[in-house]
Amino acid sequence: MLPGTAARVSGSNSSATAEPGEPAHAGAPAIRSVWWQWTAPAAGCVQVAVTNTSVATRHAIYQGTALTNLIPVAWTTNRPNRLLLFDAEPDQTYRLAVDS
C-alpha cells in the first residue's frame, strides 16, 4: 500500500509474471506485471509517473477489489517514462499495474 499524498517506490519487474485472469494493460496482454495500491486521502487530480525505465512499459490505474472486477481509470500506451493523470475520489482505493 502506498501511503499519503506523495510516494516514491523503487523496484523491478524483471522476474515478475502475469497473474491468471489479469486484465490487459493499455490494450496489451499482461506479461511481467507488478502491482501497488493506494487509497486517496482526498479528492483531486493525481499524477503517476514511472521513470528511469530501460524498456518500454505499460501502466494502468484501476478501481475494484479483485482482478475479476477491475475498472480501468487511466492507462498509457507502450512508451517509457509516461505520465498518468486521473481524478481521484476520496477514500477510494486505486490499483496501479506496471507491465513490460
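Residues numbered from 1 in each chain as written. Predicted model: local features only at pLDDT ≥ 70, side-chain atom pairs only at ≥ 80, totals over all residues. Heavy atoms only, no water.

## Let's talk about the pairing of strand β5 (residues 83-88)
Burial along β5 is one-sided: L84, F86 and A88 are buried, and none of L83, L85 and D87, which face the opposite way, are. Bridge count between strand β2 (residues 44-49) and β5: six bridges; the pairing is antiparallel. Along β5, the bridge assignment pairs G44 with A88. (Buried < 20%, exposed > 50% of the residue type's maximum accessible area, 1.4 Å probe, protein only. Helix = DSSP H or I, 4+ residues; strand = E, 2+ residues; numbered from the N terminus. Pairing = 2+ DSSP bridges.)

## Structural notes on the sheet that holds strand β3 (residues 58-63)
The four strands lie next to each other as β1-β6-β3-β4, forming an open sheet whose pairing is antiparallel. Since the sheet does not close on itself, it has two edges, and those belong to β1 (34-39) and β4 (71-75), each with one partner. Here the strands of the sheet are splayed against their neighbours by 25° on average, with no regard to which way each runs. Where β1 and strand β6 (residues 93-99) come together, six bridges link them in antiparallel fashion. Directly across from W36, in β6, lies its bridge partner L96. (Axes fitted to C-alpha atoms, helices over the stretch in contact; angles between N-to-C directions.)

## Some thoughts on the packing of aromatic side chains
Enumeration over the complete set of coordinates arrives at three aromatic pairs. Note on F86 and Y94: the rings are 4.9 Å apart at their centroids and 55° apart in plane angle, and the pair reads as tilted. With a relative accessible area of 5%, F86 lands in the buried category. Grouping aromatic residues by their ring pairs yields a cluster made of W38, F86 and Y94. (Phe/Tyr/Trp six-rings, centres within 6.5 Å; stacked < 30°, edge-to-face > 60°.)

## Considering the side chain of T57
Relative to the helices and strands, T57 is located in the loop between β2 and β3. For T57, the side chain forms a polar contact with the side chain of H59, separated by 2.6 Å. (Polar contact = N/O pair within 3.5 Å; in protein donor to acceptor, adjacent residues only side chain to side chain.)

## With respect to the nonpolar core
Residues W38, V46, V48, I61, F86, A88 and Y94 are the most contacted members of the largest nonpolar core, which totals 15 residues. Contributing elements (two or more residues each) for this core: β1, β2, β5 and β6. Not counting the four nearest positions on each side in its chain, F86 is found in contact with W38, G44, C45, V46, V48, I61, V73, A74 and Y94. (Core = buried A, V, L, I, M, F, W, Y, C linked by side-chain atoms within 4.5 Å. Contact = heavy atoms within 4.5 Å.)

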